[in-house]
Protein chains: 2
Amino acid sequence: MKLKAKLLDIQAGGRRIAILDDETASSLGVHSSDRMEITYNGEHLTAIVNIASNFPHNYVGLYEEISKELRMKTGETVEVQLAETPEALSYVQAKIAGKRLRGNEIEMIVEDVVGRHFSDIELASFVTALHIHGLSMDEIEALSKAMVKTGNTLTLDKSPVLDKHSVGGIPGDKTSLLVVPIIAAAGLVIPKTSSRAITSPAGTADRVETLCPVNLTLEEIKEVVEKTNGCMVWGGALELAPADDLFIQVEYPLAIDPLLLPSIMSKKKAVGATHLVIDMPTGRGAKIKTIGEAHTLAYDFIDLGNRLGINVECAVTFGEQPLGYAVGPALEAREALSAVMGNGPSDLKEKATNIAGILLEMVGIKNGKRKAEDLLKTGKAERKLREIIEAQGGDPKIEPGNIRVGEKTVEIAADREGRVLWINNKGIAQIAREAGAPKEKGAGVILKAKLGEQVKKSMVLFEIYAERNTKLEAAAELAKNLQPIGLSRKPEEKMLIDRIPTRKVHRRPFVLER
Amino acid sequence: MKLKAKLLDIQAGGRRIAILDDETASSLGVHSSDRMEITYNGEHLTAIVNIASNFPHNYVGLYEEISKELRMKTGETVEVQLAETPEALSYVQAKIAGKRLRGNEIEMIVEDVVGRHFSDIELASFVTALHIHGLSMDEIEALSKAMVKTGNTLTLDKSPVLDKHSVGGIPGDKTSLLVVPIIAAAGLVIPKTSSRAITSPAGTADRVETLCPVNLTLEEIKEVVEKTNGCMVWGGALELAPADDLFIQVEYPLAIDPLLLPSIMSKKKAVGATHLVIDMPTGRGAKIKTIGEAHTLAYDFIDLGNRLGINVECAVTFGEQPLGYAVGPALEAREALSAVMGNGPSDLKEKATNIAGILLEMVGIKNGKRKAEDLLKTGKAERKLREIIEAQGGDPKIEPGNIRVGEKTVEIAADREGRVLWINNKGIAQIAREAGAPKEKGAGVILKAKLGEQVKKSMVLFEIYAERNTKLEAAAELAKNLQPIGLSRKPEEKMLIDRIPTRKVHRRPFVLER
């Protein structure tokens, strides 16, 4: 059927959506959420149909995603027809029914995801089915490979290629800013791509961006790595595993992540990693609660690495409090720069040299941790960091004091004497976000006391930084409500951690160890 | 935050969607698919956020669903803020995690569904979780009651109120067109609401619409029923259980229906039914394949009826071939009118008087089937049907010959001699749809041979009706490919029913009895 195109000049959030009125839809035999094939100038694409009763008859409304893809400038005539249901939908339905999928079936699903042939409804149902039924390691492997195959890759002429990744969950985790220069200073290649924060106060890309640009193309990344052995860039626009970005769009609102393993590992495979350390912060208040849970996940990562040709080791790290003292992009970059320059918090340096040490040992270097510590102490890691900053377009002479942090600050003091018994990671993260992080890069929190430290009444527990007074006040108010740092004279005098009022009971069962 | 509203003048398929650009979304702290509260002129509503990089800064784009609800004429300033996550989302997540939900939790979910507080992603995930984990009868009861509570109801001053429903699946099932006048002629109240076809060639509302208007308001329905004891109207716009209409929007593309029981029963409760017969066409090629399956479902209906205060009986009926000979809205109405007038196919009359008979016996009338047959034979049912047609605004003198059917016809003949061994219900339905049904009301199929009948070579097996030659040709072509009627001299000479080529194996496993 020929229809006049009406270009809508707005986007549909990355979706390929076309609008028809009831009558036209009925003549075509399409229902809401069905697929329609649109042909223009010899080019075809599949769109998801939305039905609007007030849309003009015999027109098709095209969101910008479609008109751009078809290179339409004005509303001309297009040929439309009911699209065949993608074969892959039957595999999605098989997964909903609890079946195991074969490699070629998964590959077809991923291709159709990247081709935008599925509606949000179908994607959400698929991801929910994966979450409920679980995935076999064969399925995980096939998903990872299909996600690499349908995306861009970074091809370096060097080997080995080292990499690290953290499964995240604790605020202030700026380890990569030390590990990358240490490894690169050792003469080894480490092309680190990172994400921006979604629900946390800072992602590695947010932190590094206060030192130098992070939004590089694959070509620019190659140049930086060839020059310096390392890089610290934003991976989000590189299309390394575009299927994953589309899966995340439905996983995020549902707060489930059945694709954690393929998501992480496909991106590592796409940059050509041969040796990888996965950091797993573990403990109450981290994503991973117990050592046992960490081991189970670690063996999955190692198994999947084997299948993808990546040597994987996992580091279970202490995750019951923020790493270092600073939380928030600029505050963390300042702390990391200090640490690379030989100062800075000892837990950060201890963790970074441990992880760098494992990487070094994985490629045959003995006494990895001592070697990493040497590279830090001798200033070689600092020189390397400055080289990378310069290669990415930043100022190599930057000093911790040059990094702009929020000018509005408030101190939160202890209301009693005691020892720090716990720090609520999630509470600290929420306060930093309320202060403006990660969007306002100078916003965040500086802890003044950490686990086990003795605190006097009225001593400062933490300081909030913000760029605007309103944000500062909101964060201070939240801090008062959350009381994220727990003090007690002796552990045994404060056994009650939280109290769940009656109406909350069904909403969030009190499970300490999960 | 105050934002200028930009009215988009198009609909988002019933969804409440608002558009922000990245920057504005980031300042508000909302991500794609998050909820946002919009306030205008003292009115609040919750919208789902779509993010568009090319949208003007500090504007919010409002689809017509929102601007209409807020009664905005032009783009004025609105107050927007990140909406609190609905409490019910945590119950949706609990269901995804496999938990059983309590009554009040389900009620909150249904209220948020009707309030359009969930995105397609969340709704699809919920429905998928219901499908995979299943529902307890307590959950089904709570869902049904919540769906009634959040919708309109029909209040008649009479009791008992009788009703019938078919779970569907066989083409040509025009039973209601006989049952309603029989019951009303017996002096009993039967306010029948029906649906239009979604994937079948005709729904009861489509059939009746060729005799009289079916798009009545609740007030008009009350008048018709008070005058005639019965009605046959379209239920789709009455908002009897609006949550169900929203669930169906995500169930349909996924081809799952975990809400079958609450969907049917909530609508029956909403019209005040006290006595209900559920027709369950059963057999190969019907939705319900085996008698055992029918019994399981029947006990669920009866149990749910008890909980809702509706007396339910179920009729397992022969579902291996179409009912009567006609398939398609007008062709079926013509056949049903003939049957009410004393002619017409015997299987249709047999089924209708059986179901009407059960209803009569449920309210204490003895020998229900004979009584129903009497009402048919004596012309009382016909007079009642004409009364109802007149009350709904149709011509009470209508004759079968007055009903306009497709003028383009083609006969499909047997290519061999034999006995009819099977009729592929789905194939017949597809051919009728290809011919134009249900949109083109005169289109459809007339069978000339049914199960067990002896056919000579070149005798007509069925006739296709269409309103347009192109549709007729397409339907004839499909008929040639599908060969929906299977002939053989003796059953044992045609044991192979279908053959599955290699590449289909994983797509649709060959399961005869399910």
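Before any of the text, the structure's been laid out above.
Residues numbered from 1 in each chain as written. Chains lettered and ligands numbered in written order. Predicted model: local features only at pLDDT ≥ 70, side-chain atom pairs only at ≥ 80, totals over all residues. Heavy atoms only, no water.

Undergrad: How should I be thinking about the relation of the copies chain A and chain B in this particular structure?
TA: For the pair of chain copies, the relating operation is a rotation around an axis with a shift along it. Rotating chain A by 180 degrees and moving it 0.0 Å along the rotation axis overlays it on chain B with an RMSD of 0.0 Å. Here the two chains are linked by the operation of a two-fold rotation axis. Taken as a fraction of all interface residues of chain A, those also at the interface in chain B reach 100%, which identifies the copy contact as same-surface. (Least-squares fit on C-alpha atoms with pLDDT ≥ 70 in both. Contact = heavy atoms within 4.5 Å.)

Undergrad: Explanation requested: the nonpolar core in the structure shown.
TA: Across soluble globular proteins, you tend to see nonpolar side chains buried next to one another. Membership of the largest hydrophobic core comes to 103 residues, with the highest contact counts inside it found for Phe301 of chain A together with Phe301 of chain B. Of the residues forming this core, the biggest block, eight residues, is contributed by helix 5 (residues 120-133) of chain B. Setting aside chain neighbours within four positions, we find Phe301 of chain B in contact with Val167, Leu261, Ile264, Met265, Ile278, Met280, Val312 and Cys314 of chain B. (Core = buried A, V, L, I, M, F, W, Y, C linked by side-chain atoms within 4.5 Å. Buried < 20%, exposed > 50% of the residue type's maximum accessible area, 1.4 Å probe, protein only. Helix = DSSP H or I, 4+ residues; strand = E, 2+ residues; numbered from the N terminus.)

Undergrad: Just to check I follow, could you spell out the environment of Ala205 of chain A for this structure?
TA: Residue and element names in this part refer to chain A. Inspection of the secondary structure puts Ala205 in helix 8 (residues 204-208). Remark: the alpha-carbon pair of Ala205 and Ser195, spanning 10 residues in sequence, is separated by 5.6 Å. Sequence-distant contacts of Ala205, that is, excluding residues within four places in its chain, are made with Ser194, Ser195, Arg196, Val214 and Trp234.

Undergrad: Is there a simple way to think about the environment of Ala184 of chain B in this case?
TA: All names here are of chain B. Within the secondary structure, Ala184 sits in helix 7 (residues 176-185). Using a relative accessible area of 1% as the deciding quantity, one classes Ala184 as buried. As a C-alpha pair, Ala184 and Thr155 span 29 residues in sequence and 17 Å in three-dimensional space.

Undergrad: Whenever I open this one, the packing of aromatic side chains confuses me. Can you help?
TA: For any pair of aromatic rings, geometry is given as the distance between the ring centres together with the angle between the planes. The full count for this structure, using the stated rule, is two aromatic pairs over all chains. Relative to Phe247 of chain A, the ring of Phe126 of chain A lies with its centre 6.2 Å away and its plane at 35 degrees, an arrangement referred to as tilted. Remark: Phe247 of chain A occurs in helix 10 (residues 242-254) and Phe126 of chain A occurs in helix 5 (residues 120-133); sequence separation between them is 121 residues. You'll find Phe126 of chain A and Phe247 of chain A in the same group, each marked buried. Cation over ring: Lys6 of chain B sits above Phe55 of chain B, and NZ or CZ is 5.5 Å from the ring centre. Lys450 of chain B extends its terminal NZ or CZ atom over the ring of Tyr325 of chain B, reaching a point 5.4 Å from the ring centre. (Phe/Tyr/Trp six-rings, centres within 6.5 Å; stacked < 30°, edge-to-face > 60°. Lys NZ or Arg CZ within 6 Å of the ring centre and 35° of its normal.)

Undergrad: What exactly am I supposed to notice about the side chain of Ser119 of chain A here?
TA: Looking at the element boundaries, Ser119 of chain A is found in the loop between helix 4 (103-114) and helix 5. With near-sequence residues (within four places) excluded, Ser119 of chain A lies in contact with Arg35 and Ile48 of chain A.

Undergrad: How should the interface of chain A and chain B be read in this particular structure?
TA: Reports of interface size often rely on the accessible area that becomes lost once the parts have come together. On the side of chain B, 53 residues touch chain A, which itself brings 52 residues to the contact. Summed over both partners, the interface of chain A with chain B buries about 4300 Å², with 54% contributed by carbon and sulfur atoms. At the surface where chain A touches chain B, the tally comes to zero salt bridges. Along the contact surface separating chain A from chain B lie 15 residue pairs in polar contact (both at pLDDT 80 or more). Contributing elements (two or more residues each) for the side of chain A that touches chain B: helix 1 (22-28), strand 4 (43-51), helix 3 (87-96), helix 5 and helix 10 of chain A. (Buried area = accessible area lost by both parts, 1.4 Å probe. Salt bridge = Lys/Arg side-chain N within 4 Å of Asp/Glu carboxyl O. Polar contact = N/O pair within 3.5 Å; in protein donor to acceptor, adjacent residues only side chain to side chain.)

Undergrad: Help me understand the pairing of strand 8 (residues 190-194) of chain B, please; the structure alone is not making it clear to me.
TA: When a strand is regular, its side chains alternate between the sheet's two faces. Residues and elements named next belong to chain B. Most of strand 8 sits out of view: five of its five residues are buried. In strand 8, alternate side chains face the same way, and those of Ile190, Lys192 and Ser194 on one face and Pro191 and Thr193 on the other are all buried. Bridge analysis of strand 8 against strand 9 (residues 230-234) gives five bridges, and the strand direction is parallel. The partner of Ser194 across the bridge, within strand 9, is Trp234. (Pairing = 2+ DSSP bridges.)

Undergrad: Is there a simple way to explain the pattern of salt bridges in this structure?
TA: If the charged atoms of two oppositely charged side chains come close together, the side chains can form a pair. All names here are of chain A. Applying the stated rule across the entire model yields 64 salt bridges over all chains. Two residues, Asp120 and Arg15, come together in a salt bridge whose shortest N-O distance is 2.6 Å. With Asp120 in helix 5 and Arg15 in the loop between strand 1 (2-7) and strand 2 (17-20), this pair connects stretches of sequence that are 105 residues apart. Put simply, Asp245 and Lys267 hold a salt bridge, and the shortest N to O gap is 3.5 Å. Of this pair, Asp245 sits in helix 10 while Lys267 sits in helix 11 (residues 260-270), placing them 22 residues apart in sequence. Accessibility expressed as a relative area gives 27% for Asp245, which makes it partly exposed. Shared partners join several salt bridges into a network, and the residues in it are Asp138, Glu141, Lys145, Asp303 and Arg307.

Undergrad: Would you explain the sheet that holds strand 7 (residues 162-166) of chain A in this entry?
TA: All names here are of chain A. Spatially, the three strands line up as an open sheet ordered 7-10-11, and their pairing is parallel. The open sheet has two edge strands with one neighbour each: strand 7 and strand 11 (311-318). Between one strand and the next, the sheet's axes are offset by a mean angle of 20 degrees, whatever the strand orientation. (Axes fitted to C-alpha atoms, helices over the stretch in contact; angles between N-to-C directions.)

Keep in mind these numbers describe shape, not what the thing actually does.
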